[in-house]
Structures are given as C-alpha cells and as structure tokens.
Amino acid sequence: MSDLDADPSRAASGARPGDQARVSAMVAVSPAEAFDLFTRETDLWWRRGVRFRAGGRAPGALHFEPGVGGRLFEEFTGASGPQLVEFGRITVWDPPARLVFEWHGVNFAPGEKTEVDVSFEPAGDGTRVTVVHRGWAALRADHPVRHGKETAAFIGGIGLWWGDLLSALREHAARRP
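What you see is a predicted model; the values in this text were computed from it and never measured.

From N to C terminus, the protein includes four helices and eight strands. Along the chain direction, N to C, the helices and strands of the protein fall in the order β-α-β-α-α-β-β-β-β-β-β-α. Dimensions of the protein, computed from C-alpha atoms along their principal axes, come out at roughly 45 × 45 × 25 Å. Taking all 177 residues of the protein together, the buried fraction comes to 49%. Within the protein, contacts between residues at least 6 apart in sequence are counted, and of these 46% link residues at least 24 apart. With 21 positive and 23 negative side-chain charges, the protein shows a separation of 3 Å between the mean positions of the two kinds.

In this section: the environment of glutamate 102. In this structure, glutamate 102 sits in strand E6 (residues 98–103). Note: C-alpha distance between glutamate 102 and histidine 133 (31 residues apart in sequence) is 9.5 Å. Excluding residues that lie within four positions of it along the chain, glutamate 102 makes contacts with Phe87, Gly88, Arg89, Thr91, Lys113 and Thr114. Among the polar contacts listed, one links the side chain of glutamate 102 to the side chain of histidine 104, at a separation of 3.5 Å.

Under the definition given, this model contains 14 salt bridges. Notably, a salt bridge pairs aspartate 36 with arginine 40, separated by 2.8 Å at the nearest N-O pair. Remark: arginine 40 and aspartate 36 occur in helix H2 (residues 31–40); sequence separation between them is four residues, near one turn of the helix. Among the residues examined, aspartate 36 registers a relative accessible area of 28% and is labelled partly exposed.

Turning next to the nonpolar core. Within the largest apolar cluster, 40 residues are counted, with the highest numbers of intra-cluster contacts made by Phe38, Trp46, Leu99, Phe101, Trp103, Val118 and Trp162. Counting residues per element, this core draws most heavily on helix H4 (residues 151–175), at nine residues. Contact partners of tryptophan 162, with chain neighbours within four places excluded, come to Val23, Phe38, Trp46, Phe101, Val116, Val131 and His133.

Right, let's get into the pairing of strand E5 (residues 81–94). For strand E4 (residues 71–78) and E5, the ladder comprises eight bridges, and the chain directions are antiparallel. When the bridges of E5 are listed, phenylalanine 73 appears paired with glutamate 86. Turn length for the E4-E5 hairpin, with the two strands adjacent in sequence and antiparallel, is two residues. One ladder, built from four bridges, connects E5 with E6; its direction is antiparallel. The residue bridging aspartate 94 from the neighbouring strand is arginine 98, located in E6.

On to unusual backbone geometry. For the peptide bond that leads from proline 95 to proline 96, omega is 0°, which places it in the cis range. With respect to the helices and strands, the residue proline 96 is situated in the loop between E5 and E6. In the Ramachandran plot, histidine 147 falls in the positive-phi region, its phi being about 50° despite a non-glycine side chain.

Rules used in this analysis
Residues numbered from 1 in each chain as written. Predicted model: local features only at pLDDT ≥ 70, side-chain atom pairs only at ≥ 80, totals over all residues. Heavy atoms only, no water. Helix = DSSP H or I, 4+ residues; strand = E, 2+ residues; numbered from the N terminus. Buried < 20%, exposed > 50% of the residue type's maximum accessible area, 1.4 Å probe, protein only. Contact = heavy atoms within 4.5 Å. Lys, Arg positive; Asp, Glu negative; His and termini not counted. Charge placed at Lys NZ, Arg CZ, Asp CG, Glu CD. Polar contact = N/O pair within 3.5 Å; in protein donor to acceptor, adjacent residues only side chain to side chain. Salt bridge = Lys/Arg side-chain N within 4 Å of Asp/Glu carboxyl O. Core = buried A, V, L, I, M, F, W, Y, C linked by side-chain atoms within 4.5 Å. Pairing = 2+ DSSP bridges.

Take a look at the structure:
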C-alpha cells in the first residue's frame, strides 16, 4: 500500500505538500521480530544494486547501529578500496514499536537531510510496517536527488522505492524458520 502524501496527519505534523511518501506492508512475524529484522538483518533484506546501495553491486554490508545516535551505514569495497558511507543517524529507538532516523542521500550537501519514520504495529497474524519518509519539501526543486522530476512524480518514486524495500523485508521474513 502506498499513500503518496495523502496522510491526514500531515497538517498536524506540519508537513507540506510534496513533503512525504508513506508506504506500508504486512509482515508475517510479531512486531518485535519485524523490528529486529528491519534493524539487525538489514543487509539480508535491503535490495542490492545501484538503485538501493551506494556501493551498487560491489560486495559490502548495510548496518544499523542500535540506539539513539546509532548510524545507518554501508561498508563496501570500491575501485579505490574499502569505503564507508553514512546515510543517517537514529533519532528515535523504541523497540518494538518505532524507529526514526535521518536520511542523507549520497548527493546531499552537508546539512541536507530528510527523515524516515518506521512504525511496527500488530495487525492480524503479523505486523504492519509503515515507512513515512518526510522532509523532501525542504530540498530545492532542482536538487539532484529529484532527477528533474516534478514533485508528484518524485514523491511517487520515493514511495515505489520504499515499496520495493518493504516487499524485500516481507519476503525475508517469510523465509525465516
């Protein structure tokens, strides 16, 4: 499910039009297991390739460091040797219910950031994992991360990107014993 900026809580949060993408997926594990998969087994489910990783298809690993202040980072070996790319820092660590982290794209200037808010809610026999990626309106309209797209198309693309990742999380959870 993807909600491209039609969130009724947007007004309460102060979000502006074109500011956020919201995507949810059902995962057939408990909220505690879903939180653990999301944060401790990130490298096992986060898709690979240039669309999802700074290192592209280069061998490497993507990690969350647990707790507030922990990093989301990728280690890989590139043409110039070992590299580490930090994508953000954790601002809320509330297992098994919620994770919030800053997001710094590889083409963001110093000080530029967005925010990713992930919730894990019991639903039926599993967990609804919802990602809200907000803060895009703070980046200029011609920012390289937008790839020249108009706001609606860009936010739609962000929703599809997270949708691909949550599908991978769901598939990873389904393979667990």
